[in-house]
Amino acid sequence: PSNIKDLIATVPQVYWEDIGGNAKIKKQLIECVEWPLKYPESFKRIGIKAPQGILLYGPPGCSKTLMAKALATESKLNFISIKGPELFSKYVGDTEKAIREIFRKARISSPCIIFFDEIDAMASARGDDDTSVGDRALCQLLTEMDGIEEKSQVIVIAATNRLDILDKAILRPGRFDRHIEIPFPDDEGKLEILEIGCRDMPLAEDVDLTAIAKRTTFFSGADIALVCREAGLLAIREDIETKEVKMCHFEEALQSVKTRKR
Ligand code: ATP
């Protein structure tokens, strides 16, 4: 696919404090990505290898992408991001070439994270037809991962909403052998996501974020972030000169996001 040629490594601008909740997950990621890069001697002394591939799984809109980006920002790593479906090309051989190119770019930009979003598109359980483009892509990905040398400082992070359909071959040791679940936010997480979403908003005195958080059952982080944006927009729509967002705007925003989710 031609878009791969223009692929560039960047350093994202997402910080840990931009992600609400999930404190344990943040810590786990720091330990398995940042520590081995920062303290390679300690890992050598103790005789353990850093995980090369990390799989983040969980429902959509719950910060898998944010986590991968924050890891790159905070650990000062370059970041290359690809969505599984983007890789497919109808021309035989192009998909494999694209994957080789991604890893080549990552090596020259190292230390670097390669983030494969929607990896399930590429790595779902192989069907009968093992010449499918998904299959060939998967084989090439596994070859590249097997070929990563520890000193190359290339870390592969993949994300999926569908752990159940992933081909077991990619979960084997030496490949994506660290699996981290990123679930729906808990109550504390929800409140933090609301606080982040309202960070730059002048809030009226009647706004009770704890009460709003309690009314977001089955909301993902993305849904909660949307409630904040929607409340802000409703306030402006009511009065273009408004200087604050009120509880009634949040009430209405909650309803509209709930309806949209149905
Ligand atoms: P998908 O599976 O759909 O790719 P994802 O798990 O990768 O989703 P993100 O792209 O990280 O989800 O999150 C989408 C948006 O939702 C973010 O840009 C952010 O606005 C908001 N969001 C989700 N979770 C959080 C969180 N824990 N803290 C703050 N914002 C969040």
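Along each chain, numbering runs from 1 in the same order as the chain's sequence is written. Confidence filtering applies because this is a predicted model: local features only for residues at pLDDT of at least 70, side-chain atom pairs given and counted only at 80 or more, and all residues used for totals across whole chains, interfaces and linings. Here the side-chain values reflect all heavy atoms present in the structure, with hydrogen atoms and water set aside.

In this section: the packing of helix H7 (residues 187-197) against helix H9 (residues 221-238). Where H7 contacts H9, the two axes come as close as 9 Å, and the packing angle between them is 40 degrees. Here H7 lies oblique to H9, going by the angle between them. Relative to H9, the crossing made by H7 is right-handed. Each of Lys-190, Ile-193, Leu-194 and Gly-197 in H7 lies in contact with H9, whose residues at this interface are Gly-221, Ile-224, Ala-225 and Cys-228. To get an axis, a line is fitted to the C-alpha atoms, and for a helix only the part in contact is used. The angle between two axes follows their N-to-C directions and goes from 0 to 180 degrees. Helix and strand definitions follow DSSP, with helices as H or I runs of at least four residues and strands as E runs of at least two, each counted in order from the N terminus. Each angle gets one of four labels, with under 35 degrees taken as roughly parallel, over 145 as roughly antiparallel, 65 to 115 as roughly perpendicular, and the rest as oblique. By definition, any crossing whose near helix is turned counterclockwise from its far helix by less than a right angle is left-handed, and any crossing with a clockwise turn is right-handed. Residue contacts follow a heavy-atom distance rule, with two residues in contact if any of their heavy atoms lie within 4.5 Å.

Attention shifts here to the layout of surface pockets. Roughly 650 Å³ of internal volume is contained in the largest pocket. If you trace the largest pocket, you find 33 residues lining it, with Gly-61, Cys-62, Ser-63, Leu-66 and Gly-221 closest to the centre. Counting residues per element, the ones that place at least two in the lining of the largest pocket are helix H3 (64-74), strand E4 (154-160), H7 and H9. Considering only residue class, the lining of the largest pocket consists of 15 nonpolar, 11 polar and seven charged. Its boundaries defined by the atoms lining it, the second largest pocket holds a volume of some 320 Å³. A pocket here means an open set of points on a 1 Å grid, computed over the protein atoms alone, that has protein on both sides within 12 Å along at least five of seven lines. A cavity is instead a set of points where a 1.4 Å probe fits but cannot get out; residues with an atom within 4 Å of a point line either one. Grid points are joined across faces, edges and corners, and a volume is the space filled by probe spheres set on the points. Residue polarity follows a fixed list, in which Ala, Val, Leu, Ile, Met, Phe, Trp, Tyr, Cys and Pro are nonpolar, Asp, Glu, Lys and Arg are charged, and the others, Gly among them, are polar.

One finds Phe-103, Ile-114, Phe-116 and Ile-119 to be the most contacted residues of the largest nonpolar core, which totals 29 residues. Put simply, the parts of the chain that give this core at least two residues each are strand E2 (78-83), helix H4 (94-108), strand E3 (112-117), helix H6 (133-146) and E4. Each nonpolar core is a collection of buried residues, namely Ala, Val, Leu, Ile, Met, Phe, Trp, Tyr and Cys, held together in the definition by side-chain atoms within 4.5 Å. Working definition: with a 1.4 Å probe on protein chains only, accessible area under 20% of the residue-type maximum means buried, over 50% means exposed, and in between means partly exposed. Listed in part, the 23 residues of the second largest apolar core include Ile-25, Leu-29, Met-67 and Ile-182.

Note on placement: Glu-241 falls in the loop between H9 and helix H10 (247-261). Remark: the alpha-carbon pair of Glu-241 and Leu-66, spanning 175 residues in sequence, is separated by 33 Å.

Strands qualify as paired when DSSP identifies two bridges or more between them. Here five strands make up an open sheet; going across it, the order is E2-E3-E4-E1-E5 and the pairing parallel. Strand pairing shows two members of the sheet lacking a second neighbour, E2 and strand E5 (176-181), which therefore form its edges. Going across the sheet, the axis of each strand differs from the next one's by a mean of 20 degrees, ignoring polarity. Pairing of E2 with E3 involves six bridges; the strand directions are parallel. Counted as the bridge partner of Asn-78 is Cys-112 from E3. Contacts between helix H1 (residues 23-38) and the sheet are confined to strand E1 (53-57), E4 and E5, with E5 contributing the most and set at about 150 degrees to the helix.

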